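In case you want the letters, here they are:
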Amino acid sequence: MSASRNTAPSSPAPLPVRDNANGDPRRVGVEIEFGALAEEQVTGVITERMGGQVEQRGERGYVVTDTELGDIEVYLDTQYLKRAESGFQQRIHDIARQVVPVEIVTGPILPAEITKLDALCADLAKAGATGTAAGVFLGFGVHFNPEVTGETLPDILPTLRAFAFLEDSIRDAARIDLARRVMPYVDAYPRPLLDGLAEEIGSLDALIDLYLDRAPSRNHGLDMLCLFAHLDEARVAGAMDMNLISPRPTYHYRLPDCRIDEPDWSLSLEWQRWVRIEEVAQDAGLIGDLCAAWRDHRAHLTTTRSDWAKRAADIVGGIS
């Protein structure tokens, strides 16, 4: 049975740079994956909480239009299952729902509006939605897609460095269990990428080439391919299959867990960790210290990720 939330979710932390390069408030798209509810149940919970009208979109599931947060998509997150009328195919669809997540996807919203999604998550949990803890091999996660502050190297590189050097610290702070760490949904960045990020990078082209050479996968905690494809689609297409890459001017922050049915979890808490990444990115001194410490860390004959996680957290004053 899903646990109930005993306390109201905390207010989402504001971004350290609140506006984009055009002077407009930065927004974030949110994707939430969970199990045990049919899409039709989910749309009902959404309309009860946020209003709106439900429209079916064939194989793409449903969209709830005109909610408090605009349009919200709802669908079973698999490209292999097709909706069908036959009883056998419908049973396969129902069985798959236990291991293939239902996903809800918002359009770009203001960070402060994450509170409304926390309230929705509480309603979904009450209705029976299950999260990662329901099964060790379940690929339920949460994705944040925060708009970038700008599209130049000085806008992007510090954020990528901050995440890369703090990733192990964040995973420790989030208490990701060992089984989840070895699953392929959100792989940690490979060390050679961090080696390159710790050195001087002179251009956006060089940064994209470094990433494509040393981390050519969508399955990373910070998937940069959507942003890099937005900036230079031809360069990314030369190295990657573009079928599953959606070019857009956002970071794609992929969390390996969705704990929608756990009472002490909230989207606001997870969002705070992203805000911390951006806060560190704004401090050139901290970024320089992290780069230097990584080079020193790699100079030792034996090093572990746990050693680095503690060292990086100490440099930035902790990760919660």
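Residues numbered from 1 in each chain as written. Predicted model: local features only at pLDDT ≥ 70, side-chain atom pairs only at ≥ 80, totals over all residues. Heavy atoms only, no water.

1. Some thoughts on the overall build of the chain
Next, step 1: Counting secondary structure elements, the chain contains twelve helices and eight strands.
Next, step 2: As displayed, the chain offers around 14,500 Å² of accessible surface, 50% of which is attributable to carbon and sulfur atoms. (Helix = DSSP H or I, 4+ residues; strand = E, 2+ residues; numbered from the N terminus. Areas by Shrake-Rupley, 256 points an atom, 1.4 Å probe, with all protein chains shown as cover.)

2. Points about the pattern of salt bridges
Next, step 1: Per the stated rule, a full pass over the model turns up 16 salt bridges.
Next, step 2: Ionic pairing is found between Arg305 and Asp168, a salt bridge with its closest N-O pair at 3.0 Å. Note that Arg305 is positioned in helix α12 (residues 305–316) and Asp168 in helix α4 (residues 153–173), a separation of 137 residues in sequence.
Next, step 3: The shortest N-O distance in the salt bridge between Glu270 and Arg273 comes to 3.0 Å. (Salt bridge = Lys/Arg side-chain N within 4 Å of Asp/Glu carboxyl O.)

3. Here's the deal with unusual backbone geometry
Next, step 1: Positioned with a positive phi, Ala36 is a non-glycine residue whose angle comes to about 80°.
Next, step 2: With respect to the secondary-structure elements, Ala36 resides in the loop between β1 (28–34) and α1 (39–50).

4. Notes on the environment of Asp66
Next, step 1: Among the secondary structure elements, Asp66 is positioned in strand β3 (residues 62–67).
Next, step 2: For the pair formed by Asp66 and Gly52, sequence separation is 14 residues and the distance between their alpha carbons is 4.7 Å.
Next, step 3: Those residues in contact with Asp66, other than ones at most four positions away along the chain, are Gly52, Gln53 and Asp71. (Contact = heavy atoms within 4.5 Å.)

5. Considerations on the sheet that holds strand β8 (residues 252–255)
Next, step 1: Ordered by their spatial adjacency, eight strands build an open sheet running β2-β3-β4-β5-β1-β6-β8-β7, and the pairing between neighbours is antiparallel. On the outer flanks of this sheet lie β2 (53–56) and β7 (222–223), each paired with one strand and no other.
Next, step 2: Pairing geometry for β1 and strand β5 (residues 102–106), over four bridges, is antiparallel. Each bridged residue has a counterpart across the sheet, and for Glu31 the counterpart in β5 is Val105.
Next, step 3: The strands touched by helix α10 (residues 267–281) are β1, β6 (142–146), β7 and β8; relative to β6, the strand with the most contacts, the crossing angle is about 50°. (Pairing = 2+ DSSP bridges. Axes fitted to C-alpha atoms, helices over the stretch in contact; angles between N-to-C directions.)

6. A few points about α4
Next, step 1: Between its first and last C-alpha, α4 extends 29 Å over 21 residues, near the 30 Å set by a 1.5 Å rise per residue.
Next, step 2: At Glu167, α4 shows its largest kink, close to 55°.
Next, step 3: Of all 21 residues making up α4, 17 are buried, and the element is well covered by its neighbours.
Next, step 4: Looking one or two places after α4, you find Arg175, whose phi comes out positive at around 55°. (Expected span 1.5 Å × (residues − 1). Bend = angle between axes of the 7 residues up to and from the residue. Buried < 20%, exposed > 50% of the residue type's maximum accessible area, 1.4 Å probe, protein only.)

7. Here's the deal with the packing of aromatic side chains
Next, step 1: The full count for this structure, using the stated rule, is eleven aromatic pairs.
Next, step 2: On the numbers, 6.4 Å between centres and 25° between planes, the contact of Phe144 with Tyr253 is stacked. One end of the pair, Phe144, is in strand β6; the other, Tyr253, is in strand β8, and 109 residues separate them in sequence. With respect to burial, Phe144 and Tyr253 carry one shared label: buried.
Next, step 3: Centroid distance Phe144 to Trp271: 5.3 Å. Interplanar angle 65°. Geometry classified as edge-to-face. Of the two residues, Phe144 is situated in strand β6 and Trp271 in helix α10; the sequence distance between them amounts to 127 residues. The same class applies to Phe144 and to Trp271, which are both buried.
Next, step 4: Through pairs of rings, three or more aromatic residues link up here, namely Phe144, Phe163, Tyr189, Tyr211, Phe228, Tyr251, Tyr253, Trp271 and Trp274. (Phe/Tyr/Trp six-rings, centres within 6.5 Å; stacked < 30°, edge-to-face > 60°.)

8. A short note on the packing of helix α11 (residues 284–299) against α12
Next, step 1: Running from amino to carboxyl end, α11 crosses α12 at an angle of 155°, the nearest separation of the two axes being 10 Å. Between α11 and α12, the crossing angle belongs to the class labelled roughly antiparallel. α11 and α12 meet at a crossing whose hand is right-handed. Counted together, Leu286, Asp289, Leu290, Ala293, Trp294, Asp296 and His297 of α11 and Asp307, Trp308, Arg311, Ala312, Ile315 and Val316 of α12 form the full contact between these two elements.
Next, step 2: The residue makeup of the contact of α11 with α12, split by class, is eight nonpolar, one polar and four charged. (Parallel < 35°, antiparallel > 145°, perpendicular 65-115°, else oblique. Left-handed = near helix turned anticlockwise from the far one by under 90°. Nonpolar A, V, L, I, M, F, W, Y, C, P; charged D, E, K, R; others polar.)

9. Notes on the pairing of β3
Next, step 1: Within β3, five of the six residues are buried, which leaves the element mostly enclosed by the surrounding structure.
Next, step 2: Connecting β2 to the antiparallel partner β3 that follows it, the hairpin turn spans five residues, and Gly58 within it adopts a positive phi of roughly 60°.
Next, step 3: Connecting the antiparallel pair β3 and strand β4 (residues 70–76) is a turn made up of two residues.

10. Comments concerning the pairing of β6
The side chains of a regular strand alternate between both faces of the sheet.
Next, step 1: Most of β6 is tucked away, with five of its five residues classed as buried.
Next, step 2: With burial as the criterion, each face of β6 is covered, one bearing Val142, Phe144 and Pro146 and the other bearing His143 and Asn145.
Next, step 3: Where β1 and β6 come together, five bridges link them in antiparallel fashion. Of the residues in β6, the one forming a bridge with Glu31 is His143.
Next, step 4: Here β6 runs beside β8; their pairing, made up of three bridges, is antiparallel. When the sheet's bridge partners are listed, His143 is paired in β8 with Arg254.

By themselves, these figures tell us nothing about what the structure is for.
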